[in-house]
Amino acid sequence: MSLDATHDPKLKSWVTSANGHAEFPIQNLPLGVFSVKDGPKRGGVAIGDRILPLAEAVPHLKGAAKKAAKAGAGATLNALFAMGPGARQALRTGLSALLAKGSEARPDLVKLKDATLHMPASIGDYTDFFAGINHATNAGKQFRPDTPLLPNYKHVPVAYHGRASSIRPSGTPVLRPNGQRKPASEPEPSVGPSRNLDYEMEFGVWIGSGNAQGEPIAIADAANHIAGYCLLNDWSARDIQGWEAQPLGPFLAKNFCTSISPWVVTPEALAPFRAAQPPRPEGDPQPFPYLWDEADQAAGALDCELEVLLLTPAMKKAKEKPTRLSLANTTHLYWTFAQMVAHHTVGGCNLNPGDLFGSGTISSTTEDGFGALLEITQGGRKPITLPNGETRRFLEDGDEIIFRARCTREGAAPIGFGECRGVILPAR
Ligand code: CA
């Protein structure tokens, strides 16, 4: 993926708040869906503290860019995603020129603070991978201290099919789930609110153009099927999970809610922050050819810093800032996003525009970068003490979890993702 004039760190916008904006400078141009007051849902692009509705951009664009803006102007971005990378790149080039300093056009903008952000696409299917190797190791250690990773881990990009209906945009409150719990300390299972509610810091992958059933996507072509990325919180009820997942995978422990950041950061915006996939440690098996592509290994990973913050009711009351629980990076994934796409389809499964993948929890190698409380508190056995003296094993009612991400590189304008946040409400 090549860099062009849209990535120039010196490029400025006539939208003055975009210049030097920590997340949405003119070099980012993330896509989303918003509404104002009781108005309809509309596609738009974030620029500084404003949104440019794509419908407002249409009269100022030509050719493929105009077609793409029309496709994205409605209540979901699925039709735009379906058009693939060429249309998306043309739209980026057109929007960049339209919003750049020196452009004579002045389309109407909407203030971000006046807008409600919605799901960017209608999600047909959601799949959650398990590609964060440090998380897989830490979680596995709790059950198998000597062999935390199962024998398939380094051969198969492990995943399960999740629940699309309960995915919600950032800011939607999260109801503590009820379910069956059976801790080792209790002789019989009981039904009630989860006592071990947790978050999982993940990267979300939006699928662009899909594939026909029975026609797998080749690894070398897989990146062309990714429309963008977001932050994803795979809320997890550990006590429900421990009891129900014997032997099948997550069900009620994870299907009550998944939160995402509402802006779709495109592969083009992330081009300056591409990274080589970290070399596989000595002795790891060579992946099968359908998972291996030299270009993907050379530049198929991303270098994004991921931050998890906690804001408790007591901290809110005292007007304190959220406290950081961890800082990790997307380079801690064992499989690339292209490998996930290739693996998902190798058996013949068809992907559709607007399908969503979770990467799996991303943890660094050290405690200050663990992506879930399960790891930080060792399954609740070692509570953490917050700066204000409060302690936590797992999340309590009223706790708010905030994810942020930031990409920085020498010679590139830094960009961000916007927040993915959710507050826990008591079980009903
Ligand atoms: Ca997960």
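Sequence positions are assigned chain by chain, starting from 1 and proceeding in written order. The predicted nature of this model means local features are confined to residues of pLDDT at least 70 and side-chain atom pairs, given and counted, to a pLDDT of 80 or more, with totals for whole chains, interfaces and linings taken over all residues. Calculated side-chain values reflect all of the structure's heavy atoms, with hydrogen atoms and water omitted.

**Q** Can you help me understand the domain arrangement of the chain in this one?
**A** Interface size is commonly expressed as the accessible area that is lost once the parts come together. Domains assigned within the chain are domain 1 (5–118) and domain 2 (126–425). An automatic or database domain assignment provides the domain bounds reported here. The gap between the C-alpha centroids of domain 1 and domain 2 is 28 Å. Here a residue-residue contact requires only that any non-hydrogen atoms of the pair lie within 4.5 Å. With 28 residues of domain 1 in contact, the opposing surface of domain 2 contributes 30 residues. Buried area is understood as the total, over both parts, of accessible area removed when two parts are fitted together, assessed with a 1.4 Å probe. Roughly 2200 Å² of surface becomes buried between domain 1 and domain 2 when both sides are summed, with 63% attributable to carbon and sulfur atoms. Looking at the side of domain 1 facing domain 2, the largest losses of area belong to E23, F81 and R88, adding up to 27% of the total buried there. Salt bridges are defined as contacts in which a side-chain nitrogen from Lys or Arg sits within 4 Å of a carboxyl oxygen from Asp or Glu. Connecting domain 1 to domain 2 are 1 salt bridge. Here E268 ties to R88 by a salt bridge, and the two come within 2.9 Å at their closest N and O atoms. Pairs of N or O atoms within 3.5 Å make up the polar contacts considered here, provided that, within protein, one atom can donate a hydrogen while the other can accept it, and that residues adjacent in sequence are counted only when both atoms are side-chain atoms. Linking domain 1 to domain 2 there are 11 residue pairs in polar contact (both at pLDDT 80 or more). Secondary-structure elements contributing two or more residues to the side of domain 1 that touches domain 2 are β1 (31–36), β2 (42–47), α3 (78–82), α4 (84–99) and β5 (115–118). By definition, any uninterrupted DSSP run of H or I lasting at least four residues is a helix, any uninterrupted run of E lasting at least two residues is a strand, and each is numbered from the N terminus.

**Q** What exactly am I supposed to notice about the sheet that holds strand β13 (residues 201–207) here?
**A** Within a beta sheet, neighbouring strands are joined by backbone hydrogen bonds and run either parallel or antiparallel to one another. Should DSSP find at least two bridges between two strands, the strands are regarded as paired. Pairing in this open sheet of 7 strands is mixed, and the strands run β7-β6-β21-β13-β14-β16-β8 from one edge to the other. Each edge of the open sheet is held by one strand with a lone partner, namely β7 (159–161) and β8 (167–169). When strand polarity is set aside, the average angle formed by the axes of neighbouring strands in this sheet is 30°. As judged from the 3 bridges shared by strand β6 (residues 126–129) and strand β21 (residues 356–358), these two strands associate in the parallel manner. To obtain each axis, a line is fitted to C-alpha atoms, and for helices this fit is confined to the stretch in contact; angles are then taken between N-to-C directions over 0 to 180 degrees.

**Q** Would you take a moment to explain the coordination of the calcium ion for this structure?
**A** Any two of four tetrahedral donors ideally make an angle of 109.5 degrees at the metal, while pairs among six octahedral donors ideally make 90 or 180 degrees. Note that water is not among the atoms considered, so a metal site may appear incomplete; the donors listed are N, O and S atoms within 2.8 Å of the metal, with 3.2 Å applied to Na, K and Ca. Note on the calcium ion: its protein donors are D128 (OD), E200 (OE), E202 (OE) and D234 (OD). The metal-donor distances range over 2.2 to 2.3 Å. Sequence spacing of the donor residues for the calcium ion, all on one chain, is D-x71-E-x1-E-x31-D. Taken together, the residues span a long stretch of sequence, with E202 in strand β13 and D234 in the loop between β14 (226–233) and β15 (236–237) at a distance of 32 residues. Just as E202 is buried, D234 falls in that class too. Residue burial is assigned from relative accessible area. The probe radius is 1.4 Å, only protein chains are included, and a residue is buried under 20% of its type maximum, exposed over 50%, and partly exposed in between.

**Q** Any chance you could explain the nonpolar core here in plain terms?
**A** Note on soluble globular proteins: their nonpolar side chains tend to be buried together. By nonpolar core we mean a set of buried residues, namely Ala, Val, Leu, Ile, Met, Phe, Trp, Tyr and Cys, connected to one another through side-chain atoms within 4.5 Å. Counting 63 residues, the largest nonpolar core has Y199, F203, L270 and F417 as the members making the most contacts within it. Counting residues in each nonpolar core, the second largest holds 42 residues, with V58, L77, F81 and Y126 among its members.

**Q** How should the packing of aromatic side chains be read in this particular structure?
**A** Aromatic ring pairs are defined here through the distance separating the ring centres and the angle between the ring planes. The aromatic pairing rule takes the rings of Phe, Tyr and Trp, using the six-membered ring of Trp, and pairs them if the centres are within 6.5 Å, calling planes under 30 degrees apart stacked, those over 60 edge-to-face and the rest tilted. Under the criterion given, the structure shown has 11 aromatic pairs. A centroid spacing of 5.3 Å and a plane angle of 85° characterise the contact between Y334 and W335, whose relative ring orientation is edge-to-face. A single burial state applies to Y334 and to W335, both of which are buried. One aromatic cluster in this structure is built from F130, Y153, Y334 and W335. Put simply, a charge is over a ring when the Lys NZ or the Arg CZ is close to the ring centre, within 6 Å, and near the line of the ring normal, within 35 degrees. The residue whose ring lies beneath R280 is W335, and the NZ or CZ to ring-centre distance is 5.0 Å.

**Q** Looking at this structure, I do not really get the pairing of strand β26 (residues 420–425). What am I missing?
**A** Both faces of the sheet carry side chains from a regular strand, because those side chains alternate between them. Sheet analysis places strand β9 (residues 174–175) next to β26, joined by 2 bridges and oriented parallel. What sits directly across from V174, in β26, is I424. Of the strand pairs in this sheet, strand β24 (residues 400–407) and β26 are connected by 4 bridges, and their pairing is antiparallel. Within β26, the residue paired with F403 across the bridge is C420.

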